[in-house]
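Spelled out, the chains give:
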Amino acid sequence: MSKILVTGGAGYIGSHTCLALLEANYEVVVVDDLSNSSYEAITRVEKLSKKKLSFHKESILNKEALDQIFQKEKNVDAVIHFAAKKAVGESCEKPLLYYQNNISGTLQLLESMKASNVTDIVFSSSATVYGEPDEVPVKEDADVRPTNPYGQTKAMMEQILKDTGAAYGWGIALLRYFNPVGAHISGDIGEDPEYPNNLLPFVSQVAAGIRKKVTIFGEDYPTPDGTGVRDYIHVIDLAHAHVKALIKLKQDKSTHTYNIGTGRGYSVKEMVETFRKISQKEIPAVCGSRREGDVPILLADATLANKELGWQAEFGLEEMISTAWKWQSQNPKGYKA
């Protein structure tokens, strides 16, 4: 049985991926400092899978502690790396925090992997590395030109991983996510931000009466209804892509880059309207000015992931929103209750 170390495994995408790994009969080791996540997510993953994982409350910035975890756990076969700060707006306000946390943390992790002879890593990258692409749907060979510090850190981490893979013969999978949404179909694990930076959890909290209104940032984009268009991917589909990527690295120890999306775009207004329909809530919405760093439209060409990983998105828009609403309804205070 392969043992996978997951950094940031108590987070939104991390917890769903840990569950997918346990269901696929992997052993799972989680390293998470819980600065932006909750241990309750781990408890629920274990409950859903009826399996135990190994948990270490630690920051990946602490290389000495990381080295000890790799030594203690023994025979870690691969790493899935989620641990990073991820809010575009905050990265514009606090760029040094993002460079320190995301870049330094990744360097520490790679040093610890090298010392323990762990040579496969699946990296949580982002479509933000493309900035505003010349063509959509965007392919993996498009120019990398991020428009904000968060995207810059992802692009830099990708380059560090490519160089590491080339130098040491490692297996590297760079997964460029588009917009992860939704929750586990049980409603037991989901996205639990203290303050939502993404559209769907914000809409969800307005539907639940936690917030008064949704602000739509910009309605003058060159899109059919003037609001930004994005490619949304269900978090369960995204989790399964990581499992497929691990299998790929066992077969082909080189560097691979994949878009993880559906290729179908929905505007902000469409998302809000669909949420109203499914939740049967009013959801007041107002329009504000554009946010710095936002692009009008971003869609994935996921042909390569379909072909090389044998991966395909299975959940549609209504399932994305209904699972998000189920999670919100069952957990009005997130994991805090």
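First, a word on what this report is: a plain description of the structure on this page. Per chain, the residues get numbers from 1 upward, laid out in the order the sequence is written. Only residues with pLDDT of at least 70 are given local features in this predicted model, and only at 80 or more are side-chain atom pairs given and counted; all residues enter the totals for whole chains, interfaces and linings. To get the side-chain values, all heavy atoms of the structure are used, and hydrogens and water are removed first.

By the bridge criterion, four bridges tie strand S2 (residues 27-32) to strand S3 (residues 54-57) in an arrangement that is parallel. What sits directly across from Asp32, in S3, is Lys57. A strand pair is defined by DSSP finding two or more bridges across the two strands. Here a strand is any run of E in DSSP of at least two residues, a helix any run of H or I of at least four, and the numbering for each starts at the N terminus.

On to the pattern of salt bridges. Within this document, salt bridges are pairs made up of a side-chain nitrogen of Lys or Arg and a carboxyl oxygen of Asp or Glu, the two lying within 4 Å of each other. Per the counting criterion, the structure on display carries 17 salt bridges. For Lys269, the salt bridge goes to Glu219, with nearest N and O atoms at 3.5 Å. Here the residue Lys269 occupies a position in helix H9 (residues 268-279), and Glu219 occupies one in the loop between strand S8 (214-217) and strand S9 (229-234), the gap between them amounting to 50 residues. Lys269 gets classed as partly exposed once you look at its relative accessible area, which sits at 31%. Partly exposed residues are those whose accessible area sits between 20% and 50% of the maximum for their type, while under 20% is buried and over 50% is exposed, using a 1.4 Å probe and protein chains only. Given the relative accessible area of 42%, Glu219 is considered partly exposed. A salt bridge links Arg291 to Asp294, with the nearest nitrogen and oxygen atoms 3.0 Å apart.

We now examine the packing of helix H1 (residues 12-23) against helix H2 (residues 39-49). Two elements in contact, H1 and H2, have axes separated by 10 Å at closest approach and are oriented at 25 degrees. With respect to H2, the element H1 is oriented roughly parallel. As for how H1 packs across H2, the hand of that crossing is right-handed. Between H1, through Ser15, Cys18, Leu19 and Leu22, and H2, the contact on the second element is made entirely by Ala41, Val45, Leu48 and Ser49. Angular values range over 0 to 180 degrees, each being the angle between N-to-C directions of two axes fitted as lines to C-alpha atoms, with helices fitted over their stretch in contact. What sets the label is the angle itself: under 35 degrees gives roughly parallel, over 145 gives roughly antiparallel, 65 to 115 gives roughly perpendicular, and the rest give oblique. Should the near helix be turned anticlockwise from the far one by less than a right angle, the crossing is termed left-handed; should it be turned clockwise, right-handed. The contact definition used throughout considers only heavy atoms, calling two residues in contact when any of these lie within 4.5 Å.

Lining residues are those with an atom within 4 Å of a point, where the points come from a 1 Å grid over the protein atoms alone and group into cavities, where a 1.4 Å probe fits but cannot get out, or pockets, open sets with protein on both sides within 12 Å along at least five of seven lines. Grid points are joined across faces, edges and corners, and a volume is the space filled by probe spheres set on the points. In this structure the tally under the stated criterion is one cavity of 30 Å³ or more. In this structure, the largest cavity encloses a volume near 110 Å³. Around the largest cavity sit 14 residues that line it, and Glu191, Leu200, Pro201, Ala324 and Trp327 are the ones nearest its centre. With four residues, helix H7 (residues 199-207) is the largest single contributor of residues to the lining of the largest cavity. When residue character is reported, Ala, Val, Leu, Ile, Met, Phe, Trp, Tyr, Cys and Pro are called nonpolar, Asp, Glu, Lys and Arg charged, and the others, Gly included, polar. Considered class by class, the residues forming the lining of the largest cavity number nine nonpolar, four polar and one charged.

Attention now goes to the packing of H9 against helix H11 (residues 317-330). Two elements in contact, H9 and H11, have axes separated by 10 Å at closest approach and are oriented at 60 degrees. Between H9 and H11, the interaxial angle falls into the category oblique. Once H9 is placed against H11, the crossing between them reads as right-handed. Across from Met271, Thr274, Phe275, Lys277, Ile278 and Ser279 in H9, the residues of H11 making contact are Leu317, Glu318, Ile321, Ser322, Ala324 and Trp325.

When you line up the elements, Lys154 lands in helix H6 (residues 149-168). When charges are counted, Lys and Arg are positive and Asp and Glu negative, with His and the chain ends excluded. No salt bridge is formed by the buried Lys154; the nearest opposite charge belongs to Glu158, separated by 8.5 Å. Not counting the four nearest positions on each side in its chain, Lys154 is found in contact with Ala84, Phe123, Ser124, Ser125, Ser126 and Val129.

Here the distance between the centres and the angle between the planes together describe a pair of aromatic rings. Two rings from Phe, Tyr or Trp (for Trp, the six-membered ring) form a pair when their centres are within 6.5 Å of each other. A pair whose planes differ by under 30 degrees is stacked, one over 60 is edge-to-face, and the rest are tilted. Inspection of every chain in the model, using the stated rule, returns five aromatic pairs. Between Tyr39 and Phe55, the ring centres sit 4.9 Å apart and the planes meet at 70 degrees, which makes this aromatic pair edge-to-face. On the criterion of sequence distance, the pair formed by Tyr39 in helix H2 and Phe55 in strand S3 is long-range, its members being 16 residues apart. Residue classification places Tyr39 among the partly exposed positions, given a relative accessible area of 38%. Look at Phe275 and Trp325: their rings are 5.8 Å apart centre to centre, the planes differ by 80 degrees, and that puts the pair in the edge-to-face class. Taken together, the residues span a long stretch of sequence, with Phe275 in helix H9 and Trp325 in helix H11 at a distance of 50 residues.

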